[in-house]
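Each chain, letter by letter, is given below.
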Amino acid sequence: MLHIVNHPLITMKLNMMRDQKTSSKDFRTLLDEISSLMTYEVFKDLKLHATGEKLNTPTGCEIDKLRLDYNIVIVPILRAGIGMSNGVVNMLPTARIGHIGLYRDEKTLKPVEYFCKLPKVENPLLLVCDPMLATGGSATDAITMIKAKGYKNIRLMCLVGAPEGVKKVEEAHPDVDIYLASLDEKLNEKGYILPGLGDAGDRIFGTL
C-alpha cells in the first residue's frame, strides 16, 4: 500500500531540496530532517510492551519500562540510501543498520548483489531506504534479495517517487508498504523523476 506523508514541514523542506542551487551540505541536512519527520508516520502503528523491568521517575514514582514490538533494522540501498539512514537513526537510536548494494548486469539485465550485510535479530522489521523511487527496479530487486535471506516484514521509505516505480514495487511486493514524501508526475525519457530533484546520490555526496 502507498502512503504519502503529507505535512507542511516536509513539503517546505522538499521544496528547498528541489532547488538546483541548494548545496550538497544543505541537501544532506534537509534529507536528514525529512527522514526524521517521515519516521513518525512510518512507525506510527507500532505497539509498545512492558519489558518486565521498572523505572523510577524523579518524582519517586515507579513505572514500566517499555519496548517496541519489533526490532527495527534500517537498510539503505547503496549509495544514495545512506543519506536517509541518519535521519531515521536520529529517531530510533537503538535500531540496527544493514546495507545492500546491487547493480544490473549489462548483458543479462539481471540484478547482481555486490554487497549485503544484514543484522540478525529476533522479530525484525526492516525499513529499506532510497531517496528516489523512479523505475522501481532497484527497490524491487533489493526487496527480493532481502526476502531471499529470510526477512519477511519489510517497509520501503523514499523521498520522492514516480507512478511507474510505485506500480512496479506494488506488483512485485504487494505485502510491502511504501512511504513517500511526494508522488511526482512522471518519468522523463532518461528515467528521471519529474519534477524530481535530480540525481540524489550525486547531490548528497557532491559528485555532480
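Everything below is about the structure shown above.
Residues numbered from 1 in each chain as written. Predicted model: local features only at pLDDT ≥ 70, side-chain atom pairs only at ≥ 80, totals over all residues. Heavy atoms only, no water.

*Asks:* Residues and numbers for helix H1 (residues 8-18), please.
*Replies:* What H1 keeps buried is the set Ile10, Lys13, Leu14 and Met17. Each buried residue of H1 lies within a common arc of 100° when the element is viewed along its axis, so the set occupies one face. The exposed set on the far side of H1, more than 90 degrees from its buried face, consists of Pro8 and Asn15. Along its buried surface, H1 packs onto helix H2 (24-42), strand S10 (154-161), strand S11 (177-183) and helix H6 (200-205). (Buried < 20%, exposed > 50% of the residue type's maximum accessible area, 1.4 Å probe, protein only. Helix = DSSP H or I, 4+ residues; strand = E, 2+ residues; numbered from the N terminus. Arc of directions from axis to C-beta. Contact = heavy atoms within 4.5 Å.)

*Asks:* How would you explain the pattern of salt bridges if you had to name every residue and give the values?
*Replies:* Per the counting criterion, the structure on display carries 8 salt bridges. With a shortest N-O distance of 2.8 Å, Arg18 and Asp184 are connected by a salt bridge. You can see Arg18 sitting in helix H1 and its partner Asp184 sitting in the loop between S11 and strand S12 (186-187), a full 166 residues away along the chain. When its relative accessible area of 6% is taken as the criterion, Asp184 is described as buried. In this structure, the salt-bridge partner of Lys147 is Asp175, at a minimum N-O distance of 2.8 Å. You can see Lys147 sitting in helix H4 (residues 137-148) and its partner Asp175 sitting in the loop between helix H5 (163-172) and S11, a full 28 residues away along the chain. Assessed through its relative accessible area of 46%, Asp175 is described here as partly exposed. (Salt bridge = Lys/Arg side-chain N within 4 Å of Asp/Glu carboxyl O.)

*Asks:* So what about the packing of H1 against H2? Which residues, and what values?
*Replies:* Between two packed helices, both the angle of their axes relative to each other and the distance between the axes serve to describe the pair. In the contact formed by H1 and H2, the axes pass within 10 Å of each other and the chain directions differ by 155°. Between H1 and H2, the angle falls in the class roughly antiparallel. In the crossing of H1 with H2, the sense of the turn from one axis to the other is left-handed. Between H1, through Leu9, Ile10, Lys13, Leu14, Met16 and Met17, and H2, the contact on the second element is made entirely by Phe27, Leu30, Leu31, Glu33, Ile34, Leu37 and Met38. Residues belonging to the contact of H1 with H2 are distributed by class as follows: 11 nonpolar, no polar and 2 charged. (Axes fitted to C-alpha atoms, helices over the stretch in contact; angles between N-to-C directions. Parallel < 35°, antiparallel > 145°, perpendicular 65-115°, else oblique. Left-handed = near helix turned anticlockwise from the far one by under 90°. Nonpolar A, V, L, I, M, F, W, Y, C, P; charged D, E, K, R; others polar.)

*Asks:* Would you mind going over the environment of Lys13 in detail, with residue names and values included?
*Replies:* The topology assignment puts Lys13 in helix H1. Along the sequence, Lys13 and Leu31 sit 18 residues apart, while their C-alpha atoms lie 8.2 Å from each other. There is a polar contact of 2.8 Å between the side chain of Lys13 and the side chain of Glu33. (Polar contact = N/O pair within 3.5 Å; in protein donor to acceptor, adjacent residues only side chain to side chain.)

*Asks:* Requested: an account of the environment of His7, with residues and values cited.
*Replies:* Summarising the element assignment, His7 is placed in the loop between strand S1 (2-4) and H1. Here His7 falls in the partly exposed class, since its relative accessible area comes to 37%. Taking the C-alpha atoms as reference, His7 lies 35 Å from Pro58; in sequence the two are 51 residues apart. Engagement of the side chain of His7 in a polar contact is seen with the backbone nitrogen of Leu9, the distance being 3.0 Å.

*Asks:* Please set out H4 residue by residue, giving values where relevant.
*Replies:* Helix length check: H4, at 12 residues, gives a terminal C-alpha distance of 17 Å against a target of 16 Å (1.5 Å per residue), a fit within 8%. Every buried residue of H4 is listed here: Gly137, Ala139, Thr140, Asp141, Ala142, Ile143, Met145 and Ile146. Following H4 by one or two positions, Gly150 has its phi on the positive side, about 100°. (Expected span 1.5 Å × (residues − 1).)

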